[in-house]
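In case you want the letters, here they are:
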Amino acid sequence: ERCTMAFHGPSYGLSRELHIKSQSKFSLERARECMSWVEDVLGKKLDPESQNIKDQYEFASILKNGVVLCELINCIQPGSVKKVNTMNAPFKQRENIEMYLKGCINYGLKEQDLFQVNDLYENKNLYMIVDNLYSLGGTTQKKGWNGPVLGVKVASENKRNFDQDVLKAGQSVIGLQYGSNKGASQAGMTPYGATRQIRPEENEDHSI
């Protein structure tokens, strides 16, 4: 029942809803950040330049023919794409994107770090391309690559861990209120933490 409740409105509106949802997931700031990294890796400015990208469609237009993506993976892992197609034929451009994605897998990215060719070529889920570039940037750091760093990926992982810690702390407090064993086992921590915070103030008072 929960699954059916998740879909709001009639089914014919679903594709439109999914389109709006994918648009809302696209962050222009993140897109600019990762394209700035691409520029640093390639050693050249893109057209339009990363900081001048207006929306997700301009972002897509830079990558759509797959040439920039192939050049990117070749800079990181030389020889990933043997021959980059420079023809404007759609099937050649799609082929470039496919070869880039294969290069990502060979470099160590997982299936969930990739996107479908149509996500980019038909502007379907452009946020997934941003996510993919962040995953690639994160993987270069893990592998100790000495090129330009896309640092936001690592920072966001740390933030996620922090959020989990806060969540766990909140759960233990709730447990404490209801007197559950899970919360009670953490009970000793709270007064200890509190006294540690108060002590410096007490010292100040004594010194006055």
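Residues numbered from 1 in each chain as written. Predicted model: local features only at pLDDT ≥ 70, side-chain atom pairs only at ≥ 80, totals over all residues. Heavy atoms only, no water.

Student: Hey, could you go over the overall build of the protein chain for me, with residue numbers and the actual values?
Tutor: Along the protein chain, the regular secondary structure elements total eleven helices and zero strands. Counted from the first residue to the last, the protein chain has its helices and strands arranged as α-α-α-α-α-α-α-α-α-α-α. Within the protein chain, contacts between residues separated by at least 24 positions form 56% of all contacts whose residues are at least 6 apart in sequence. (Helix = DSSP H or I, 4+ residues; strand = E, 2+ residues; numbered from the N terminus. Contact = heavy atoms within 4.5 Å.)

Student: Let's hear about the confidence of the model for the protein chain: which residues, and what values?
Tutor: Confidence in the prediction of the protein chain, expressed as mean pLDDT, is 80, and 66% of residues score 70 or more. Low confidence marks residues 1–11, where pLDDT is under 50. Its contacts with residues over four positions away, or in another chain, come to two contacts. Scored below 50 in pLDDT, residues 182–198 shows seven contacts in the model against residues more than four places distant or in partner chains. (pLDDT = per-residue confidence, 0-100.)

Student: Just give me the short version of unusual backbone geometry, but keep the residues and values in it.
Tutor: Excluding glycine, a negative phi dihedral is what most residues carry, and trans is how most peptide bonds are arranged. A cis amide bond links aspartate 47 with the next residue in sequence, proline 48, at an omega value of 0 degrees. Tracing the chain through its elements places proline 48 in the loop between α3 (28–42) and α4 (56–63). Here asparagine 123, not a glycine, exhibits a phi torsion of approximately 55 degrees, which is positive. Inspection of the secondary structure puts asparagine 123 in the loop between α7 (117–121) and α8 (126–142). We classify asparagine 123 as partly exposed; its relative accessible area is 26%. (Buried < 20%, exposed > 50% of the residue type's maximum accessible area, 1.4 Å probe, protein only.)

Student: I'd like to hear about the environment of aspartate 119, residue by residue, with values.
Tutor: For aspartate 119, the location among the structural elements is in helix α7. Given the relative accessible area of 7%, aspartate 119 is considered buried. It is 9.7 Å that separates the C-alpha atoms of aspartate 119 and alanine 60, two residues lying 59 residues apart in sequence. Filtering out sequence-adjacent residues up to four positions away, aspartate 119 remains in contact with Lys124, Asn125, Leu126, Met128 and Ile129. Among the polar contacts listed, one links the side chain of aspartate 119 to the backbone nitrogen of glutamine 116, at a separation of 2.8 Å. (Polar contact = N/O pair within 3.5 Å; in protein donor to acceptor, adjacent residues only side chain to side chain.)

Student: Now, about the packing of aromatic side chains: what can you tell me, with residues and values included?
Tutor: Note on aromatic pairs: each is described by the distance of the centres and the angle between the planes. Across all of its chains, the model carries two aromatic pairs by this definition. Its guanidinium or amino end placed over the ring of tyrosine 134, arginine 30 lies 4.3 Å from that ring's centre, counting from NZ or CZ. Between the NZ or CZ atom of lysine 64 and the centre of the ring of tyrosine 121, over which it lies, the distance is 4.8 Å. (Phe/Tyr/Trp six-rings, centres within 6.5 Å; stacked < 30°, edge-to-face > 60°. Lys NZ or Arg CZ within 6 Å of the ring centre and 35° of its normal.)

Student: Describe the nonpolar core, naming the residues involved and giving the relevant values.
Tutor: One finds Met35, Phe59, Leu63, Tyr100 and Leu133 to be the most contacted residues of the largest nonpolar core, which totals 40 residues. At the level of secondary structure, the elements contributing two or more residues to this core comprise α3, α4, α5 (67–76), α6 (90–107), α7 and α8. Leucine 133 has contacts with Cys34, Met35, Trp37, Val38, Phe59, Leu63, Leu69, Leu72, Tyr100 and Leu150, leaving out every residue within four places of it along the chain. (Core = buried A, V, L, I, M, F, W, Y, C linked by side-chain atoms within 4.5 Å.)

Student: Run through the side chain of serine 22, naming residues and quoting values.
Tutor: Counting through the fold element by element, serine 22 comes out in helix α2 (residues 14–25). There is a polar contact of 2.9 Å between the side chain of serine 22 and the backbone oxygen of histidine 19. Setting aside chain neighbours within four positions, we find serine 22 in contact with Lys124, Asn125 and Tyr127.

Student: Break down the pattern of salt bridges for me, citing the residues and quoting the values.
Tutor: With the rule as written, the count across this model stands at six salt bridges. Across the pair glutamate 71 and lysine 44 runs a salt bridge whose closest N-O atoms are separated by 3.0 Å. Residue glutamate 71 is found in helix α5, and its partner lysine 44 is found in the loop between α3 and α4; the two are separated by 27 residues along the sequence. Connected via shared salt-bridge partners are Arg94, Glu122 and Lys124. (Salt bridge = Lys/Arg side-chain N within 4 Å of Asp/Glu carboxyl O.)

Student: Tell me about the packing of α6 against α8, residues and numbers included.
Tutor: Contact geometry for α6 and α8: axes closest at 11 Å, N-to-C directions at 35 degrees. Of the two elements, α6 crosses α8, and the hand of that crossing is left-handed. Contact residues: α6 offers Tyr100, Cys104 and Tyr107, while α8 offers Asn132, Leu133, Leu136, Thr139 and Thr140. Across the contact of α6 with α8, the residue classes tally to five nonpolar, three polar and no charged. (Axes fitted to C-alpha atoms, helices over the stretch in contact; angles between N-to-C directions. Left-handed = near helix turned anticlockwise from the far one by under 90°. Nonpolar A, V, L, I, M, F, W, Y, C, P; charged D, E, K, R; others polar.)

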